[in-house]
Protein chains: 2
Amino acid sequence: MEIHHTVPALRQRLSWATRVVFVPTMGNLHEGHLDLVRLARKHGDCVVVSIFVNPLQFGPNEDYAQYPRTLDADCAKLEGLADVVFAPSVADLYPVEQTMFVEPPPLATELCGEFRPGHFRGVATVVLKLFNVVQPHAAVFGKKDYQQLAVIRALAEQFNLPIEIVAAETSRAPNHLALSSRNGYLSEAERGEAIRLFRNLATIREALQSGSRDYAALEQAARGDLESHGWRVDYLSLRNAATLAPAAPEERNLVVLGAAWLGKTRLIDNLEIALA
Amino acid sequence: MEIHHTVPALRQRLSWATRVVFVPTMGNLHEGHLDLVRLARKHGDCVVVSIFVNPLQFGPNEDYAQYPRTLDADCAKLEGLADVVFAPSVADLYPVEQTMFVEPPPLATELCGEFRPGHFRGVATVVLKLFNVVQPHAAVFGKKDYQQLAVIRALAEQFNLPIEIVAAETSRAPNHLALSSRNGYLSEAERGEAIRLFRNLATIREALQSGSRDYAALEQAARGDLESHGWRVDYLSLRNAATLAPAAPEERNLVVLGAAWLGKTRLIDNLEIALA
């Protein structure tokens, strides 16, 4: 496995690759990331993982400074799974002041976008930059960041990128907690409580599968359960799985998405719900 | 020379090309365009010319509907100069509603951008789409559209595009009138008058080369000359040639840019001025 830190070095390495599959990450890798990398292997013969904490997608009051940077440990985990690690510095990827951006679609102002203004602009911009650096045939994104996946799919489609976007299922702990770098911020007590977000999503799925259609009541019940256990809920919302528009009454392919604060940690999760 | 109308057909044709050079145009080709294509030939072995009148870069009161579409004549002119013509329909290039855009840099709100809101957003977006379709090694843009060239250079640099941007000198008629598709809108009387825009730019260049530094007075004199001959001036401005920021007092590399209406036709021109 090779590790490259600059764009020219990476391009030189990839100039003789046949089918490149790309997994962009912010590092601090856990099994969820490694599952993305394993899936990437099935889609090409040169797996490139980028490790870059992108300042552009963090708000001024968010955790950019404290976001864990663990490059050596990350590379050790990727050994045998990836072919190339691309770990640029901020100056490598932003050599000049970034004054041009990708303007994301309207859906980027809802859900997480409502609470993290500028987040998806930063995500779409850095992903486009990384795509242009790596020039992959395919790229893997996790459904854990479901709204991000929708934005990236729109990016690829609307900008005519010759890149296949591969969606990976969310990796979960045995108790179903979605794996996330931010789980590392949780205290031991919070780790036990954290599963309540998923449990409420699963409750909504069961209710829908049992024939309930009162979306607002289901959302409100989940929100109430979380808030009564000390969570601060950013959103909890049933949406069309393809467009992320609010779910219509007769929707068959839904996704329920939630974001909520447990102490000082913001957790997100979602669950696709296909109705027969 | 091959003519392709769809993205898949073009990609198939280019999959075996070695060094692609790309010249994006809106068609209605004149000798100025053909000079861009001749220059392209020096930068690669497969010259692709796109012909596409991009709705996204026209304002609601601009000449999108009446912009001349002359594909057969254009292809006849390109025979022997280009290898591939790419002439997509709007539905070919915008198969889904475009809800994501390239947000251009701040300089895009000045000069032409002040008078054509959204123009450079539309230009940058379609050029990025075309770049992703054609995937050229180099692309040629004329200095005639000087501000557009600056936006495209920023696009390539800031989005890490692996594309060399080649700038072509402005092609001019024997009387120095810059070649432009919009010259075709001029009446015979206007065609004689049209050269006054360039003459005023040249007058400013001579004054600067003779030691004048009173930019405001030079700009005002040119504007006055045009207005007294019936022109309506959008802007006439001395700028830093690299950044397009207003020219500093001791600037050595300047460009003077003008845009003005002669009757119902909006003409633009510019002149680089390098001082010793």
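Numbers given for residues are sequential positions, taken from 1 along each chain in its written order. Think of it this way: whatever chain is written first is A, whatever ligand is written first is 1, and the rest follow in order. Under the rules for a predicted model, residues below a pLDDT of 70 receive no local features and side-chain atom pairs below 80 are neither given nor counted, while totals for whole chains, interfaces and linings still include all residues.

1. Notes on the relation of the copies chain B and chain A
Convention followed: In superposing the copies, a least-squares fit is computed on C-alpha atoms, taking residues whose pLDDT is at least 70 in both.
Once chain B is rotated about the relating axis by 180 degrees and shifted along it by 0.0 Å, it coincides with chain A to within an RMSD of 0.0 Å. The superposition of one copy onto the other is thereby described by a two-fold rotation axis. When C-alpha distances to the rotation axis are compared across chain B, the minimum falls at Val102 of chain B, with a value of 2.4 Å.

2. A short note on the pairing of strand β2 (residues 20-25) of chain B
Residue and element names in this part refer to chain B. The following threshold applies: Any residue whose C-beta has 12 or fewer other C-beta atoms within 10 Å is treated as exposed, any with 20 or more as buried, and any in between as partly exposed, C-beta atoms being built from the backbone. Only DSSP runs of H or I with at least four residues qualify as helices, and only runs of E with at least two residues qualify as strands; both kinds are numbered from the N terminus onward. Viewed with both strands pointing away, a crossover whose connecting path from the first strand over the helix to the second turns clockwise is right-handed. Think of it this way: DSSP has to see at least two bridges between two strands before they count as a pair.
Of all six residues making up β2, six are buried, and the element is well covered by its neighbours. Burial along β2 is two-sided: Val20, Phe22 and Pro24 facing one way and Val21, Val23 and Thr25 facing the other are all buried. Each parallel crossover has a hand, and for β2 linked through helix α2 (residues 31-41) to strand β3 (residues 46-51) it is right-handed. The pairing of β2 with strand β6 (residues 138-142) spans two bridges and is classified as parallel. Note that in β6 the partner of Val21 across the bridge is Ala138.

3. Overview of the domain arrangement of chain A
All names here are of chain A. Note the following rule: The split of the chain into domains comes from an automatic or database domain assignment. Residues are scored as being in contact if the C-beta atoms we place from backbone atoms lie within 7 Å.
Segmentation of chain A into domains returns domain 1 (2-168) and domain 2 (181-270). Placing the centre of domain 1 and that of domain 2 at their C-alpha centroids yields a distance of 26 Å. Contacts between domain 1 and domain 2 engage ten residues on the former and eleven residues on the latter. Going through the elements one at a time, α5 (112-115) and α7 (146-158) are the ones with two or more residues in the side of domain 1 that touches domain 2. For the side of domain 1 that touches domain 2, the element with the highest residue contribution is α7, accounting for three residues.

4. Things to note about the environment of Leu128 of chain B
Among the structural elements, Leu128 of chain B can be located in helix α6 (residues 119-134). A residue is classified by how many C-beta atoms lie within 10 Å of it, and Leu128 of chain B, with 25 of them, is buried. Separated by 27 residues in the primary sequence, Leu128 of chain B and Leu155 of chain B place their C-alpha atoms 8.0 Å from one another. Once you skip the residues sitting within four places of it in the chain, Leu128 of chain B turns out to touch Phe159 of chain A together with Val102 and Leu155 of chain B.

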